[in-house]
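Descriptive analysis of the structure
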Amino acid sequence: MLKLGGTASTPPRPNAGQEAICLLPEGARMQSQALQDEPMIAYGKGKQMPLSLYKKRHSLAHILAQAVLEFFPDAKPTIGPPVESGFYYDFAVPRPFTPEDLQRIEARMREIVKKHVDFVRREVSEEEARALFKDNPFKLELIDGLVRGGTDEYGEKTDAGAAVLSVYTQDTFTDLCRGPHVENTREIHPDAFCLSQSSGAYWRGDERNPMLQRIYGLAFDTPEELQRYLHLQEEARRRDHRKLGAELEIFLFDEEIGPGLPLWQPNGGVIIEQLEALAKRVEEEAGYERVRTPHVTKESLFLRSGHLPYYADSMYPPMTLEDGERYYLKPMNCPFHHKIYAAKPRSYRDLPIRLAEYGTCYRYEQSGELFGLMRVRSMQMNDAHIYCTEEQFEQEFLGVVNLYLRYFAIFGIEKYVMRLSLHSEEGLGKKYVDNRELWLKTEDMVRNAMRHAGVPFYEAENEAAFYGPKIDVQIYSAIGREFTLATNQVDFAVPARFNLTYVDRDGREKTPLCIHRAPLGTHERFIGFLIEHFAGAFPVWLAPVQAVLIPIADRHVEYCQRVAADLRHQGIRARVDDGTERMQNKIRKAQMMKIPYMLVVGDKEQQTSAVAVRLRTGEDLKAMPVEAFVARAKEKIQTYALDL
RNA sequence: GCCGACGUAGCUCAACUCGGCAGAGCAACCGACUUGUAAUCGGUAGGUUACGGGUUCAAGUCCCGUCGUCGGCUCCA
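Residues numbered from 1 in each chain as written. Chains lettered and ligands numbered in written order. Predicted model: local features only at pLDDT ≥ 70, side-chain atom pairs only at ≥ 80, totals over all residues. Heavy atoms only, no water.

1. Topic: the sheet that holds strand 10 (residues 173-176)
Ordered in space as 6-9-10, the 3 strands form an open sheet in which the pairing is antiparallel. Every interior strand has two partners, whereas the edge strands, strand 6 (119-123) and strand 10, have only one. With strand direction ignored, the average angle separating the axes of adjacent strands in the sheet is 25°. Relative to strand 10, strand 9 (residues 166-170) runs antiparallel, the two sharing 4 bridges. Across the sheet, Thr-169 pairs through a bridge with Thr-174, a residue of strand 10. Sheet contacts for helix 2 (residues 51-71): strand 6, strand 9 and strand 10; angle to strand 10, the most-contacted strand, approximately 125°. (Pairing = 2+ DSSP bridges. Helix = DSSP H or I, 4+ residues; strand = E, 2+ residues; numbered from the N terminus. Axes fitted to C-alpha atoms, helices over the stretch in contact; angles between N-to-C directions. Contact = heavy atoms within 4.5 Å.)

2. Remarks on the packing of helix 8 (residues 266-285) against helix 15 (residues 523-533)
Between helix 8 and helix 15, the least distance of the axes is 11 Å, while the angle of their chain directions is 105°. Viewed along their axes, helix 8 and helix 15 adopt a mutual orientation that is roughly perpendicular. Between helix 8 and helix 15, the contacting residues are Ile-271, Ile-272, Leu-275 and Glu-276 on the first element and His-523, Phe-526, Ile-527 and Leu-530 on the second. Residues belonging to the contact of helix 8 with helix 15 are distributed by class as follows: 6 nonpolar, 1 polar and 1 charged. (Parallel < 35°, antiparallel > 145°, perpendicular 65-115°, else oblique. Nonpolar A, V, L, I, M, F, W, Y, C, P; charged D, E, K, R; others polar.)

3. What about the packing of aromatic side chains?
Aromatic ring pairs: the centre-centre distance and the angle between the two ring planes describe each pair. For the structure shown, the criterion picks out 25 aromatic pairs. Here Tyr-341 and Tyr-387 contribute two aromatic rings whose centre-to-centre distance is 4.6 Å and whose plane-to-plane angle is 35°, an arrangement assigned as tilted. Of the two residues, Tyr-341 is situated in helix 11 (residues 334-341) and Tyr-387 in strand 22 (residues 383-388); the sequence distance between them amounts to 46 residues. Per residue, the accessibility class of Tyr-341 equals that of Tyr-387, and both read buried. Ring geometry for Phe-466 versus Tyr-467: centroids 4.9 Å apart, planes at 70°, classification edge-to-face. Owing to a relative accessible area of 4%, Phe-466 belongs among the buried residues under this scheme. Through pairs of rings, three or more aromatic residues link up here, namely Phe-411, Phe-483, Phe-526, Phe-529, Trp-541 and Tyr-640. Positioned above the aromatic ring of Phe-220, the side-chain terminus of Arg-57 is 5.2 Å from the ring centre. (Phe/Tyr/Trp six-rings, centres within 6.5 Å; stacked < 30°, edge-to-face > 60°. Buried < 20%, exposed > 50% of the residue type's maximum accessible area, 1.4 Å probe, protein only. Lys NZ or Arg CZ within 6 Å of the ring centre and 35° of its normal.)

4. Notes on the protein's contact with RNA strand B
Neighbouring RNA strand B are 58 residues, the closest being Gln-197, Ser-199, Asp-554, Arg-588 and Glu-605. When the atoms of RNA strand B within 4 Å of the protein are sorted by group, sugar and phosphate make up 52%. Glu-369 is positioned such that a nitrogen or oxygen atom in its side chain is 2.7 Å from a base oxygen of RNA strand B. Measuring from a sugar or linking oxygen of RNA strand B, one finds a backbone N or O atom of Thr-484 at 3.0 Å. (Near = heavy atom within 4 Å. Polar contact = N/O pair within 3.5 Å; in protein donor to acceptor, adjacent residues only side chain to side chain.)

5. Overview of the confidence of the model for chain A
Averaged over chain A, the pLDDT score is 87; the fraction of residues at 70 or greater is 91%. Segment residues 1-35: pLDDT under 50, and 67 contacts once partners within four positions in sequence are set aside and those in other chains are kept. Here the predicted complex carries an ipTM of 0.91, next to a pTM of 0.88. (pLDDT = per-residue confidence, 0-100.)

6. Considerations on a nonpolar patch on the surface
Residues Leu-252, Ile-257 and Leu-263 make up a contiguous nonpolar surface patch of roughly 210 Å² in combined accessible area. Along the chain, Ile-257 turns up in the loop between strand 13 (251-252) and strand 14 (263-264). Ile-257 sits in the partly exposed class, given a relative accessible area of 42%. (Patch = residues over 30% accessible without salt bridge, like charges linked within 9 Å, V, L, I, M, F, W, Y side chains within 5 Å. Areas by Shrake-Rupley, 256 points an atom, 1.4 Å probe, with all protein chains shown as cover. Salt bridge = Lys/Arg side-chain N within 4 Å of Asp/Glu carboxyl O.)

7. Considerations on the environment of Glu-127
Along the chain, the position of Glu-127 falls in helix 4 (residues 126-132). With 266 residues separating them along the chain, Glu-127 and Phe-393 place their C-alpha atoms 58 Å apart.

8. Details of the sheet that holds strand 24 (residues 458-460)
Strand order in the open sheet made by the 8 strands is 15-19-22-29-26-25-23-24, with mixed pairing throughout. What marks the edges here is a single partner per strand, and that holds for strand 15 (289-290) and strand 24. Its contacts with the sheet put helix 12 (residues 390-411) on strand 19 (353-357), strand 22, strand 23 (416-421), strand 25 (470-476), strand 26 (482-491) and strand 29 (513-518), and the angle it makes with strand 26 is roughly 160°. Most of the contacts of helix 13 (residues 436-453) go to strand 23, to which it runs at about 155°, and overall it touches strand 23, strand 24, strand 25, strand 26 and strand 29.

9. Regarding helix 11
Counting buried positions along helix 11 yields 6 of 8 residues, so the element is predominantly enclosed. Regarding helix 11, the residues found buried are Cys-334, Pro-335, Phe-336, His-337, His-338 and Tyr-341.

10. What to know about helix 8
Taking 1.5 Å of rise per residue, the 20 residues of helix 8 would be expected to cover 28 Å, and the 29 Å separating its terminal C-alpha atoms lies within 8% of that figure. Residues of helix 8 that are buried include every one of Asn-267, Gly-268, Ile-271, Ile-272, Leu-275, Leu-278, Ala-279, Val-282 and Glu-283, and no others. Buried residues along helix 8 cover an arc of 140° about the axis, so they all sit on one side. Set apart from the buried face of helix 8 by more than 90 degrees, the exposed residues are Pro-266, Glu-273, Glu-284 and Glu-285. Close packing links the buried residues of helix 8 with strand 14, strand 15, strand 19, helix 12, strand 29 and helix 15. Backbone geometry just downstream of helix 8 places Gly-287 in the positive-phi region, at approximately 85°. (Expected span 1.5 Å × (residues − 1). Arc of directions from axis to C-beta.)

If you want it as structure tokens, here you go:
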């Protein structure tokens, strides 16, 4: 068994010495509250919140619907559940809501809350329910589902006939609802909620369905908690990678270049090179070999790989050459690596073969999906493909998981969740390669490997890649954003399509398994994450500029330039601020660029071959010999230290 | 892709509900100052108000379209 460092259950902790704020998803906070024996109720996928808060939010959703109906009598209410931080309600309405509508509706909701109206539950027969909601096709569809079995208004499975139909009435409004609700609106503080936004939302989240208009609200137990939430949102905006990325000159987007196609500025270039250097070092130690492959290829390659039928929608349209040949920009690197594997006969003695590449891929994400660096159309993946035998699989797979954990330790990533994504029975032959036995077998292999290693994970059906199960790593940025960083996929199908083989001990040709892995995901997403994780204050080894020399007067500039040249010679990224501003202003500028070390030089330092070291944290280390500073900086860089 | 909001100087924002000469701070540039740990002073320049149409005597402002960004729906690295 491989030794693993860290566990997913390690409690999150702000980075010491950074201006850290901790905006964890509400679910994470709620778990600690659960220990204080407040009754909890589950909602959404695997989340929970205190029952009392759930009731308030749920009731506010109904009050929202009441207010909307008062202003828009033709509106058809659909569903309105409590969610993280508040609630929403979806309506079918002739026109979208305007910000002014929301103001009026919110004011009216407050009036209703202050009227201290009761919520009354009543169980009804199917016939009565159908009569009550005869003008609302959405409610009738929900009733169908409840009666026939299927899914309830929250998309959860119900048994046929097992559902009891109930309605809740408050004031003038009655809604089909399973509850629970507050008994009276006096339980709700009129200043502990507000409406936050409206947007379109498809009925049942399916874009083939009609579009409804959703109104979101925020709701807490007390006005103070609401204010705190709004304040944290404000903090999060300051830490947003899009804002910091521009301020720190890391990346930019240009309309003339295209949506989702980031330009990396020199500072971003440094960060990328450092990440690649780390990956290269780690992967060389782990027995990977580097390869490089083109960005475009003939259509036939993706037909053979099987990507085109599954992924054509996510690919840029092809370009057609004069002879009619069609070429695609590559959305992934694997087919190219398969070709390298296939270039010569392989023996079992050669395996495992690990081919790594920071290859640039292009995916035509829907315009509405693009989001800063987190979701882009051109991306460089920390990609590799491991070809191995079945016997080698477990060790190789765990080697990859171990790699993840090693990276997470370096970056101080303490909160992550591993998800085992499985196929679904319905998807066989459509979304997934049609080979049930191989699916089950491979899923077992992965599950066992994870269990043997003692790595915590949860399982999710119908989330696999088309060619096999995968482990995705969900991480949380410091401002509470959750996303998939790394992915680790088992491919039992595509190697065969490429006729990949090795000659085994018994002299027979066999098909290797392929593990696709990307522990650092893409440069784009990972750096977006790092910017938020560190609030732009990168550890020394990643900081684009590690030290800035600040001469106090013009006569110190030459000495500063000599020292800076010396530092650069020793592998420290140093600059001189030789502008005409005062020293204080230069410190301020360096602070705002979050440069780790500010080296102030005046007469004293110049005379003693020293620099006065000020840390980004504000700490003044006073004057020290240049060599002493170099030793300190080098040590922090070489150990990937998180402190200065 | 769909619904909505937004787009003014490199950045942050003005120019009002009701159309009437497009402005400020920071940054940049020039000059003076030569400073000891988060903003020295003075000056100069910088805009076809995202782009294209329309209404009007007159459009940053009203209308239409396009592009882009953001918030959602959905999916994922």
